[in-house]
Amino acid sequence: MKKLYRFPQKHIMLSVPLILVLGFIIGSFVDTSFLRPTILIATMVMIYATMVGLDFNELKSLKGSKTLFISIIINFIIIPFVAYGIGMTFLKERPIMFAGLALSALLPTSGMTISWTMLQRGNVTLAVKLTIFGLLLGSLLAPWYLLLMVGQFIDINIWATVRTILLIVFIPMILGQITYKLILRKTSVKHFKKHIKPNFAPLSVWGMLYVVFVSISMRAKMIVSNLELILIALIVLIVFYGINYLISTTVAVKWLNREDGIALVNGTVLRNLSISIGLAATTFGAEAALIVTLAFIVQQQSITYYSRISEKFWFKEEKQHTWKEAL
């Protein structure tokens, strides 16, 4: 059972496509719309699992303020502008997909930000700070950015969006902190991080897969009859992530040391797709959820290749300024 529980997390590149295919197949024959109300619950469980153990004391330190400021500029000015330009170019006639792209762009940082920074031997403490600030600011600003970016194309109930964010972000955040405090009454922080925290991550992945399955299966017939949606979504996402990697890497190499630069790239390129898909599915529908679902695949695959390439060139440990000197 333990292996089954951890399987989706260990094989995320296999799990997401399988759930997509399963959603399409089952949704083509069975009406799964009765599962719609469960999406919100699954999303809250998914976010709750990532919030247990998140250290908000990191907000008190002023260390890394320069990188934090740069990340805010990139995450909340440059990337939304990039997403808006791409959306106007490719998705003006598909406003629901435009909303899905906007959601992906407006909610930065996730557990992946911390995980990949650790794997690349970057500044993990800074990555935690970027994650916390990105989550809080993104949750507060996303509804208003959505109104500005796609409000002219679709009717956005701003207060309903705010209410949804409160439900799927702040309530799980509070419950996660309560859980963390209760656990620390019986064990140490070191033991929690090593033996308990890893058990929460698969729960988040299972929640995400459930949301993906329900979202896609409910509109499977519509999507299957419009397979060009998948092609369009993939093109849009490849362009979106490609531009983001270029901007973040250029800034990181020019103005930051290696460790902080890694944290910046992971804190600006990697988006909080878990929250995004929950919002997309509950607020906008299957087309929006589809583009966020495909973003899981593009994001995971791209950061895997990026980390390998960057460590050979601009983020080499033995010579940190290789690319900088070339510039």
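Per-chain numbering applies: the sequence of each chain, read as written, is numbered from 1 onward. Only residues with pLDDT of 70 or above have their local features reported here, since the model is predicted, and side-chain atom pairs are shown and tallied only from 80 upward, although totals for entire chains, interfaces and linings are computed over all residues. Each side-chain value is worked out from all heavy atoms of the structure, with water and hydrogens disregarded.

Let us now look at the nonpolar core. Definition used in this section: a nonpolar core is a set of buried Ala, Val, Leu, Ile, Met, Phe, Trp, Tyr and Cys residues joined via side-chain atoms within 4.5 Å. Only protein chains enter the accessibility calculation, which uses a 1.4 Å probe; a residue is then buried when its area is under 20% of its type maximum, exposed when over 50%, and partly exposed in between. Residues Met208, Phe240, Tyr241 and Ile291 are the most contacted members of the largest nonpolar core, which totals 90 residues. Note on conventions: DSSP H or I runs of at least 4 residues are helices, E runs of at least 2 residues are strands, and numbering of each starts at the N terminus. At 12 residues, helix H15 (residues 286-312) tops the list of elements feeding residues into this core. We call two residues in contact when some of their heavy atoms are within 4.5 Å. Contact partners of isoleucine 291, with chain neighbours within four places excluded, come to Leu91, Met97, Gly100, Leu101, Ala233, Val236 and Leu237. With six residues, the next largest nonpolar core counts Val52, Ile183, Phe192 and Phe200 among its residues.

Helix-helix packing is characterised by the crossing angle of the two axes and by the distance between the axes. Packing of helix H10 (residues 201-218) against H15 brings their axes to within 9 Å, and their N-to-C directions diverge by 140°. Looking at the two axes, H10 sits oblique to H15. Along this stretch, H10 crosses H15, giving a crossing that reads as left-handed. Where H10 abuts H15, its residues Met208, Val212, Ser215 and Ile216 lie against Ala286, Ala289, Leu290, Thr293 and Phe296. Tallied by class, the residues present in the contact of H10 with H15 amount to seven nonpolar, two polar and no charged. For helices, the axis comes from a line fit to the C-alpha atoms of the stretch in contact; other axes are also lines fit to C-alpha atoms, and the angle between any two N-to-C directions lies between 0 and 180 degrees. Just so you know how the angles are binned, under 35 degrees is roughly parallel, over 145 roughly antiparallel, 65 to 115 roughly perpendicular, and the rest oblique. Here a crossing is called left-handed whenever its near helix is offset anticlockwise from the far helix by less than a right angle, and right-handed whenever the offset is clockwise. For this classification, the nonpolar set comprises Ala, Val, Leu, Ile, Met, Phe, Trp, Tyr, Cys and Pro, the charged set comprises Asp, Glu, Lys and Arg, and every other residue, Gly included, is treated as polar.

Together, Ile171, Ile174, Leu175, Ile178 and Leu182 make up a nonpolar patch on the protein surface, roughly 440 Å² of accessible area in all. Among the structural elements, leucine 175 can be located in helix H8 (residues 158-184). Each patch is built from residues that are more than 30% exposed by relative accessible area and take part in no salt bridge. Like charges join if they lie within 9 Å; nonpolar side chains (Val, Leu, Ile, Met, Phe, Trp, Tyr) join within 5 Å. Computed with a 1.4 Å probe, the accessible areas rest on the Shrake-Rupley method; for each residue, only the protein chains presented here act as cover. Each reported salt bridge corresponds to a side-chain nitrogen of Lys or Arg within 4 Å of a carboxyl oxygen of Asp or Glu.

Secondary-structure assignment places asparagine 266 in helix H13 (residues 258-268). Look at asparagine 266 and you get buried, because its relative accessible area is 1%. Polar contacts involving the side chain of asparagine 266 include one to the side chain of threonine 117, which spans 3.1 Å. In this structure asparagine 266 touches Thr113, Trp116, Thr117, Gln120 and Ile303, once residues within four positions along its chain are discounted. Pairing of N or O atoms within 3.5 Å defines a polar contact, subject to two protein rules: one partner must be a possible hydrogen donor and the other a possible acceptor, and residues neighboring in sequence count only if both atoms are side-chain atoms.

By the definition in use, this model includes three salt bridges. Across the pair glutamate 311 and arginine 121 runs a salt bridge whose closest N-O atoms are separated by 3.6 Å. Taken together, the residues span a long stretch of sequence, with glutamate 311 in helix H15 and arginine 121 in the loop between helix H6 (111-119) and helix H7 (124-150) at a distance of 190 residues. Classification of glutamate 311 as partly exposed rests on a relative accessible area of 27%.

Before going further, it helps to spend a moment on the side chain of aspartate 260. Turning to its location among the elements, aspartate 260 is positioned in helix H13. Judged by its relative accessible area of 15%, aspartate 260 falls in the buried class. Separated by 2.9 Å, the side chains of aspartate 260 and asparagine 123 make a polar contact. Apart from the residues lying within four places of it in its own chain, the contact partners of aspartate 260 are Thr67, Asn123 and Leu126.

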